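Observations on the model geometry
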Amino acid sequence: MFVNFFASAITIGLPIVVLRQLGLPKLVYSLLDSLTSIAMVFGGVILTLRKNKSELKTVYQAMFSFTVIILLFGLPELIPNKFTTVILLGILIIGFGLVVVFANTAMTTYLQEKVPLSKQGGVYSIINAISQLFVPLGALGYGVLFDHFESYEVFITSGIFALIIIASLLMKERRLF
């Protein structure tokens, strides 16, 4: 739910930053947007090669990394060199794709280990329904925010807000890494 809501900042904000505010060609946006899918494929490969002892720890680390990525999405608009900006956006988008794969895979694995087999269908259905609900809510909210505020303000504020949420969850669970 957390990732789906705040991912809207990136999916709604990326074209606004690249096309409207930086005035870059649509081809640059297309290439940057495709990096998410490429990163997700490589993330899957990385996950098959590594052994993980704590799925929940991976989820927490991925969520924390995700908040940092959102925060850093506020920087490209503030950099005067467009080439440097595109490189930074590319790195952030690759990080976003990797984090999404790590978080989703680790959460699914954790649930498979902890939820009894007889209840997995119901639990997955509820989690999926609630998570999918946050996609249009995030798109609506971020659409309004990007219309009324500068993109760097939206990203930095969202990153700080997400960081507060994840830090409070980590403190509550006493799982600071």
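What this report covers is the structure whose coordinates are included nearby.

Scoring rules and cut-offs
Residues numbered from 1 in each chain as written. Predicted model: local features only at pLDDT ≥ 70, side-chain atom pairs only at ≥ 80, totals over all residues. Heavy atoms only, no water. Helix = DSSP H or I, 4+ residues; strand = E, 2+ residues; numbered from the N terminus. Rg over C-alpha atoms; globule rule 2.2 N^0.38 Å. Buried < 20%, exposed > 50% of the residue type's maximum accessible area, 1.4 Å probe, protein only. Contact = heavy atoms within 4.5 Å. Core = buried A, V, L, I, M, F, W, Y, C linked by side-chain atoms within 4.5 Å. Axes fitted to C-alpha atoms, helices over the stretch in contact; angles between N-to-C directions. Parallel < 35°, antiparallel > 145°, perpendicular 65-115°, else oblique. Left-handed = near helix turned anticlockwise from the far one by under 90°. Nonpolar A, V, L, I, M, F, W, Y, C, P; charged D, E, K, R; others polar. Polar contact = N/O pair within 3.5 Å; in protein donor to acceptor, adjacent residues only side chain to side chain. Phe/Tyr/Trp six-rings, centres within 6.5 Å; stacked < 30°, edge-to-face > 60°. Patch = residues over 30% accessible without salt bridge, like charges linked within 9 Å, V, L, I, M, F, W, Y side chains within 5 Å. Areas by Shrake-Rupley, 256 points an atom, 1.4 Å probe, with all protein chains shown as cover. Salt bridge = Lys/Arg side-chain N within 4 Å of Asp/Glu carboxyl O.

1. Examining the overall build of the protein chain
- Across its full length, the protein chain carries 6 helices and 0 strands.
- Reading the helices (α) and strands (β) of the protein chain from amino to carboxyl end gives α-α-α-α-α-α.
- Expected size for 177 residues packed as a compact globule is a radius of gyration near 16 Å; at 17 Å, the protein chain falls within 12% of this value.
- Counting every position in the protein chain, which comprises 177 residues, the buried fraction comes to 35%.
- Restricting to contacts in the protein chain with at least 6 residues of sequence separation, those with at least 24 account for 79%.

2. Some remarks on the nonpolar core
- Ranked by size, the top nonpolar core spans 40 residues in total, and within it Phe2, Phe66, Phe73 and Leu89 carry the most contacts.
- Of all elements in the fold, only helix 1 (2-21), helix 2 (26-49), helix 3 (55-72), helix 4 (82-114), helix 5 (120-148) and helix 6 (151-173) reach the threshold of two or more residues within this core.
- Apart from residues no more than four positions distant in its own chain, phenylalanine 66 is found in contact with Phe2, Val3, Phe6, Ala7, Ile10, Phe96 and Val99.

3. Things to note about the packing of helix 1 against helix 2
- The interhelical angle for the contact between helix 1 and helix 2, taken along N-to-C directions, is 150°, at an axis separation of 9 Å. The orientation of helix 1 relative to helix 2 falls into the category roughly antiparallel. Here helix 1 and helix 2 pass one another in a crossing that is right-handed. Every residue of helix 2 that contacts helix 1 at Leu14, Pro15, Val18 and Leu19 is listed here: Lys26, Val28, Tyr29, Leu32 and Asp33.
- Split by residue class, the contact of helix 1 with helix 2 holds 7 nonpolar, no polar and 2 charged.

4. Things to note about the side chain of serine 151
- Residue position: serine 151 is located in helix 6.
- A residue is classified by how much of its surface remains accessible, and serine 151, at 1% relative accessible area, is buried.
- Within the structure, serine 151 has its side chain in polar contact with the side chain of glutamate 77 (distance 2.2 Å).
- Not counting chain neighbours up to four residues away, the residues in contact with serine 151 comprise Val17, Gln21, Glu77 and Phe146.

5. A short note on the packing of helix 1 against helix 3
- In contact at an axis separation of 10 Å, helix 1 and helix 3 are set at 20° when each is read in the N-to-C sense. Viewed along their axes, helix 1 and helix 3 adopt a mutual orientation that is roughly parallel. In this structure, the crossing between helix 1 and helix 3 has a hand that is left-handed. Along the contact surface, helix 1 presents Phe2, Val3, Phe6, Ala7 and Ile10, while helix 3 presents Met63, Phe66, Thr67, Ile69 and Ile70.
- Grouping the amino acids of the contact of helix 1 with helix 3 by side-chain chemistry returns 9 nonpolar, 1 polar and no charged.

6. Details of the packing of aromatic side chains
- In the structure shown here, the tally under the stated rule is 8 aromatic pairs.
- Aromatic pair phenylalanine 5 and phenylalanine 6: ring centres 5.2 Å apart, planes at 90°, arrangement edge-to-face.
- The exposure class of phenylalanine 6 is buried, given its relative accessible area of 4%.
- With a centroid separation of 6.2 Å and an interplanar angle of 40°, the aromatic rings of tyrosine 142 and phenylalanine 146 are classed as tilted. Of the two residues, tyrosine 142 and phenylalanine 146 are both situated in helix 5; the distance of 4 residues between them amounts to about one turn of the helix. With respect to class, tyrosine 142 is no different from phenylalanine 146; both count as buried.
- By the ring-pair criterion, three or more aromatic residues cluster together here, those being Phe5, Phe6, Phe73, Phe134, Tyr142, Phe146, Phe155 and Phe161.

7. Concerning a nonpolar patch on the surface
- There is a patch of nonpolar side chains on the surface, built from Phe64, Val68, Leu72, Leu75 and Leu78 and spanning about 370 Å² of accessible area.
- The residue leucine 72 is located in helix 3 in this model.
- Residue classification places leucine 72 among the partly exposed residues on the basis of a relative accessible area of 33%.

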